[in-house]
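The residues making up each chain are set out below.
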Amino acid sequence: MTFAQNLLAVLPEVVILTAAALILIVDLFVADERRHVTYWLTQLALLVAACVTLKTMQLDVIKAFHNMIVDDMLADILRMTTFVAVSLMLFYSRSYLVARGLFRGETFVLTLFVLLGIQVIISGNSFLTLYLGVELMSLSLYALVALERERSGPAEASMKYFVLGALASGVLLYGMSMIYGATGSLDIDLVARSVLGGNGNSLLLTFGLVFVVSGVAFKLGVVPYHMWIPDVYDGAPTAITLLIGTAPEFAGFALTLRLLSGALQGMAIDWQGMLIVLSVLSMVLGNIVAIAQSSIKRMLAYSTIAHMGFMLMGFLAADLNGYSAAMFYTVTYVLTSLVSFGLIMVLSRAGFEADRIEDFRGLNQRSPWWAFIMLLVMFSLAGIPPMVGFYAKFTVIEAAINAGFVWLAVLGVVTSLIGAFYYLRIVRLMYFEDPVDRSPLETRRDTRTLLSANGLLLLLLGILPQPLMGICVIALTQSNFL
Amino acid sequence: MMPYLSLAVWVPIVAGLLALAFGRDREPGPVRWIALVGAVAGFLVTVPLYTQFNTTTSAMQFVEMSEWIPRFGIHYHLGVDGISLLFILLNSFITVLVVWAGWEVITTRVSQYMGAFLIQSGLINGVFCALDGILFYFFFEAMLIPMYLIIGVWGGPNRMYAAIKFFLYTLVGSLLTLVALIYLYSVSDSFEILDWFQVPLSLRTQILLFVAFFLAFAVKVPMWPVHTWLPDAHVEAPTGGSVVLAAITLKVGGYGFVRFVLPILPDASRYLAGFVIALSLIAIVYIGFVALVQADMKKLIAYSSISHMGFVTLGFFLFSQLGVEGGLAQMISHGFVSAALFLCVGVMYDRLHSRLIADYGGVVNAMPKFAAFMMLFAMANSGLPATSGFVGEFLVVLASVRVNFWLGFAAATMMILGAAYTLWMYKRVIFGAIANQGVASMPELSRREFWLLGIVALAVLAMGVWPKPFIDVMHISVVDLLAHVAQSKL
């Protein structure tokens with residue numbers, strides 16, 4: 001394989017890295033009032049990277065840089081969804097960032113580095129590549145959380161995130177090193193072959209697996225590795241919360257898939273049991289604790305924990321059905337999160353964070369349209385048709401039942417019933433009560449258009465879910481995940 | 001052929017969306033007309049379903065089928081048989097009434113009110129004609145959203161509690177149903193309801209599935225002891241909401257029993273029939289007594305609905321032609337009668353803003369025409385011959401006497417209790433001397449209200465005097481249903 005062919009496999013990453021470096025320099029020469037130049041450059045970089053991805057998309061699996069990198073359909077699809085998520089995040093948070101003095105080059109560059117980290121994870125085919133991606137993504141995120149220096153909340157959140165995140169990275173690396181010890185390789189394909197062939201010390205492998213699963217669980221934020229989620233979601237500026245809650249979910253999914261299914265499918269029996277525990281705990285604890293929250297960001301944080309638990313329920317079926325269900329779930333969940341955090345920023349103003357649940361009171365009278373969009377989000381999260389959240393739930397339950405976990409499916413729906421309670425509470429506040437704060441909601445036109453389209457997409461995908469489901473299946477089958 | 005069923009589903013929904021899009025709350029006139037035209041159009045497209053219906057076959061008619069989610073073999077598959085046809089007509093008819101009933105009464109957020117009712121109407125039609133399990137579930141759950149908003153936004157003082165209770169109760173049952181549907185898919189590799197009629201299932205599996213389905217439909221019906229959401233929802237909902245809840249939403253539960261539980265799980269149904277019959281009798285007798293002591297008119301009618309629906313489930317689980325037809329006839333009749341009674345209470349509530357029986361008395365002196373209408377509906381609720389209420393109750397009692405005399409005896413107490421609580425309420429509210437200043441100043445029915453009640457009165461009388469057209473439509477389909485029930489799937 002020539003160097004050019006190798007580069008072709010990582011061309012989107014090259015674009016993003018170049019853009020990040022370029023924007024960092026350009027930003028030095030841009031005055032504060034003309035900061036939108038670098039903002040649009042960032043958006044342009046995302047667009048170019050998306051076009052490059054589309055252009056180089058092909059059905060074959062390509063291994064580049066001595067099997068360190070894999071460029072398959074899964075990587076391409078997840079790259080595209082990540083670009084969309086990051087771009088929308090920037091659109092939605094523009095006014096919010098401006099009002100808080102965060103509309104700066106650092107924000108854009110760090111966001112691009114987060115994106116780069118995610119891309120590396122998505123196309124990683126070696127334990128080391130995956131680990132590097134995780135570190136790049138996490139370190140950039142720690143910095144982004146702390147970027148708002150005037151308030152103490154973000155600094156505290158960043159510190160917690162960093163300490164726990166570093167610990168988790170260590171755990172992940174430790175697990176990887178054990179598996180390396182047992183199989184003698186860091187290459188996912190070789191590890192997979194070795195595990196399937198029954199070579200290697202099985203005790204060492206199992207220990208390694210435990211640590212790997214723990215590390216992955218931390219990145220996904222499932223119980224009992226969830227502690228950072230509520231604090232970071234709540235403490236970070238909402239724009240950054242939006243970033244943390246969306247694009248990195250794709251990284252979490254890809255990491256889980258590449259490690260557990262790609263490398264350790266031969267130990268599926270072992271990790272299925274671990275994932276069952278994580279999934280059950282997350283669904284139960286996430287949904288119950290969310291009820292008690294008065295901050296909407298905290299509530300959504302616990303809801304994320306519960307949803308990731310639900311996603312794992314599909315994943316642990318350990319077959320194509322399960323992986324495609326988990327992927328569909330992740331994509332729709334990110335689409336939904338984009339709208340919910342986007343709306344929190346719509347409600348926020350300079351010097352005012354609309355981060356209490358109470359701030360949604362009487363929204364239907366202030367703005368029937370935004371109330372309607374939030375209604376779509378809440379019913380989608382609760383999994384009520386005709387919103388797309390229903391199919392996410394449906395595919396996961398189908399996968400679980402198909403794999404013989406009927407009891408788990410029943411438990412899942414029971415916990416989602418608990419979840420419905422707090423989602424309905426938001427609807428109640430918006431529709432049944434009168435507003436306290438009647439100040440008009442002002443939004444930029446591009447934010448308004450995109451946020452509305454994003455919200456309506458939840459309904460549209462709920463009526464016609466087949467295309468997205470089809471894409472998930474194609475991405476996984478073409479990438480040889482069973 | 002025109003896709004009448006799709007029209008029945010989508011015409012109201014599109015009309016509802018139009019009402020939402022073009023409604024101006026400052027100027028509610030146009031939106032009312034959009035809603036009325038939409039509702040009437042929605043009713044008109046269902047008329048050919050009846051006129052072109054073939055009563056000599058039990059096969060599904062007006063079938064529409066196209067791929068929807070090929071990934072799981074889910075189809076957009078609509079069709080009606082003699083069992084579901086009447087519910088679609090009833091629902092579209094009631095929708096017109098509801099829009100008209102809210103004409104001048106609703107003054108806040110009119111477009112959202114009309115939009116919610118119309119969208120709900122389309123979704124309910126979807127429930128009754130969906131022949132794909134997931135399509136059914138799609139409509140079945142989606143219809144909760146408009147009703148949740150209707151109760152919560154335009155309801156009474158305790159509306160938030162009632163709305164969330166309504167939603168969560170219904171969700172408890174329906175979520176397990178989703179698991180049951182997917183389980184059926186995993187054993188049959190199809191989401192077609194008609195395919196599921198043929199799938200062999202062990203008794204243990206059938207019983208588990210029965211529990212899942214039963215929870216959903218028993219909550220909807222509602223059966224004792226999962227009925228407690230209904231009085232709250234009824235009392236707090238605006239008049240239109242109560243009408244739709246009583247006349248249509250409850251029927252979805254009954255329909256679920258005959259569409260899913262009986263034919264798909266025949267052995268479990270026969271195995272657990274005694275249990276369901278016992279619950280039905282408790283509903284009939286115990287809830288009848290509960291209705292007797294209510295001080296709030298809406299609550300009284302709500303309990304009366306539970307008691308009447310007990311008759312329906314009783315009829316179904318006798319597994320005889322008379323019983324099932326009686327149950328279905330009872331549902332249609334109750335659709336008219338309960339709607340009418342809630343409209344009557346609404347008429348009084350609009351004048352005096354009270355639902356308490358004690359606040360009324362001697363209404364006949366102020367509103368003689370109204371008193372006459374309400375008399376008819378009260379009689380129909382008590383099951384008087386020549387009203388629609390008589391048909392279903394008579395058939396079910398007849399069917400139960402054939403099984404066991406004492407069963408029939410217990411069921412027949414319903415007719416006594418029903419007469420007791422309905423007529424006693426009627427006496428206290430309508431007859432006697434004028435109770436207070438407020439009652440004396442109640443204006444007689446407006447022309448709108450007169451025609452509203454008049455149309456329902458005609459329907460009640462027509463079905464009571466000549467029930468044959470109603471029963472004929474369902475006859476063959478019920479024969480077919482009972483053939484499925486009789487055939488063991490073990």
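Predicted model only: the values in this text are computed from it and were never measured. (Residues numbered from 1 in each chain as written. Chains lettered and ligands numbered in written order. Predicted model: local features only at pLDDT ≥ 70, side-chain atom pairs only at ≥ 80, totals over all residues.)

(A) Spatial organisation of the overall build of chain B. If you tally the helices and strands in chain B, you get 23 helices and two strands. A globule of 490 residues ought to have a C-alpha radius of gyration of about 23 Å, and chain B, at 21 Å, matches this closely. A principal-axis box enclosing the C-alpha atoms of chain B has dimensions of 65 × 55 × 40 Å. For chain B, with 490 residues in total, the buried portion stands at 62%. (Helix = DSSP H or I, 4+ residues; strand = E, 2+ residues; numbered from the N terminus. Rg over C-alpha atoms; globule rule 2.2 N^0.38 Å. Buried ≥ 20, exposed ≤ 12 C-beta atoms within 10 Å, placed from the backbone.)

(B) Molecular detail of the pairing of strand β2 (residues 74–80) of chain B. Residue and element names in this part refer to chain B. Burial within β2 is extensive, with five of its seven residues counted as buried. Direction of pairing for strand β1 (residues 61–69) relative to β2: antiparallel, over a ladder of six bridges. Residue pairing in the sheet places E64 in a bridge with L78 of β2. Counting the residues in the hairpin turn of β1 and β2 gives four residues, including G73, whose phi is positive at 60°. (Pairing = 2+ DSSP bridges.)

(C) The arrangement of the interface of chain B and chain A in detail. Tallying the contact residues gives 26 residues for chain B and 25 residues for chain A. Counting residues per element, the ones that place at least two in the side of chain B that touches chain A are α6 (133–142), α7 (144–154) and α8 (159–188) of chain B. Of the residues belonging to the side of chain B that touches chain A, the class tally is 21 nonpolar, two polar and three charged. (Contact = placed C-beta atoms within 7 Å. Nonpolar A, V, L, I, M, F, W, Y, C, P; charged D, E, K, R; others polar.)

(D) Spatial organisation of the packing of α6 of chain B against α8 of chain B. Residues and elements named next belong to chain B. The geometry of α6 relative to α8 is characterised by a closest axis approach of 10 Å and an angle of 170° between their N-to-C directions. By the angle class used here, α6 and α8 are roughly antiparallel. Facing α6, whose interface residues are G133, I134, Y137, F140 and E141, α8 presents S174, T177, L178, L181 and L184. Grouping the amino acids of the contact of α6 with α8 by side-chain chemistry returns six nonpolar, three polar and one charged. (Axes fitted to C-alpha atoms, helices over the stretch in contact; angles between N-to-C directions. Parallel < 35°, antiparallel > 145°, perpendicular 65-115°, else oblique.)

(E) Just the nonpolar core, in detail. In terms of nonpolar packing, the biggest core is built from 393 residues, with M374 and A400 of chain A together with L97, V179, V243, A339 and A340 of chain B touching the most fellow members. Element by element, the count of residues in this core is highest for helix α15 (residues 320–347) of chain A, at 18 residues. With sequence-adjacent residues up to four places away left out, A400 of chain A is seen in contact with M313, G314, A317, F405, L408 and A409 of chain A. (Core = buried A, V, L, I, M, F, W, Y, C linked by C-beta atoms within 7 Å.)

(F) Representation of helix α5 (residues 110–129) of chain B in the model. Look at α5 of chain B: 29 Å from first C-alpha to last across 20 residues, which is about the 28 Å you get at 1.5 Å a residue. Across the 20 residues of α5 of chain B, 20 count as buried, placing the element largely inside the fold. (Expected span 1.5 Å × (residues − 1).)

(G) Representation of the environment of G392 of chain B. All names here are of chain B. Within the element layout of this structure, G392 appears in helix α19 (residues 388–403). Look at G392 and you get buried, because 28 C-beta atoms sit within 10 Å. Measuring from C-alpha to C-alpha, the distance between G392 and V312 comes to 8.4 Å, with 80 residues separating the pair along the chain. Apart from residues no more than four positions distant in its own chain, G392 is found in contact with F311, G326, G327, A329, Q330 and S333.

(H) Structural detail: the environment of I430 of chain B. With respect to the helices and strands, I430 of chain B occurs in helix α20 (residues 405–430). Taking the C-alpha atoms as reference points, I430 of chain B and M374 of chain B, separated by 56 residues in sequence, lie 8.9 Å from one another.

(I) Quick peek at the confidence of the model for chain B. Residue and element names in this part refer to chain B. Confidence in the prediction for chain B averages 87 pLDDT; 100% of positions are at 70 or higher. Put simply, helix α21 (residues 437–440) is where chain B has its lowest mean pLDDT, 79, and α6 is where it has its highest, 92. The ipTM value of the predicted complex is 0.88, and its pTM value is 0.92. (pLDDT = per-residue confidence, 0-100.)

(J) How the structure looks around helix α22 (residues 447–465) of chain B. Residue and element names in this part refer to chain B. Given a rise of 1.5 Å per residue, 19 residues ought to cover 27 Å, and the 26 Å separating the end C-alpha atoms of α22 matches this to within 8%. Within α22 the residues assigned to the buried category are E449, L452, L453, V456, A459, V460, M463 and G464. For α22, the angular spread of the buried residues around the axis is 130°, confining them to a single face. Seen from the buried face of α22, the exposed residues on the opposite side, beyond 90 degrees, are R447, W451 and L458. For α22, the secondary structure elements touched by its buried residues are α4 (82–101), α16 (321–352), α18 (368–381), α19 and α23 (468–486). (Arc of directions from axis to C-beta.)

(K) Up close: unusual backbone geometry. The omega torsion across V223 of chain A and P224 of chain A is 5°, close enough to zero to call that bond cis. Tracing the backbone through its elements, the reader meets P224 of chain A in the loop between α9 (202–220) and α10 (228–235). Each neighbour pair has its own omega, and for W224 of chain B with P225 of chain B the value is 5°, a cis peptide bond. Structurally, the position occupied by P225 of chain B is in the loop between α10 (203–220) and α11 (229–236). Notably, N67 of chain A is not glycine yet its phi reads approximately 65°, a positive angle. With respect to the helices, strands and loops of the structure, N67 of chain A is situated in the loop between β1 (62–64) and β2 (69–71). Assessed through the 16 C-beta atoms surrounding it within 10 Å, N67 of chain A is described here as partly exposed. Phi at F319 of chain B takes a positive value of approximately 55°, unusual for a residue other than glycine.

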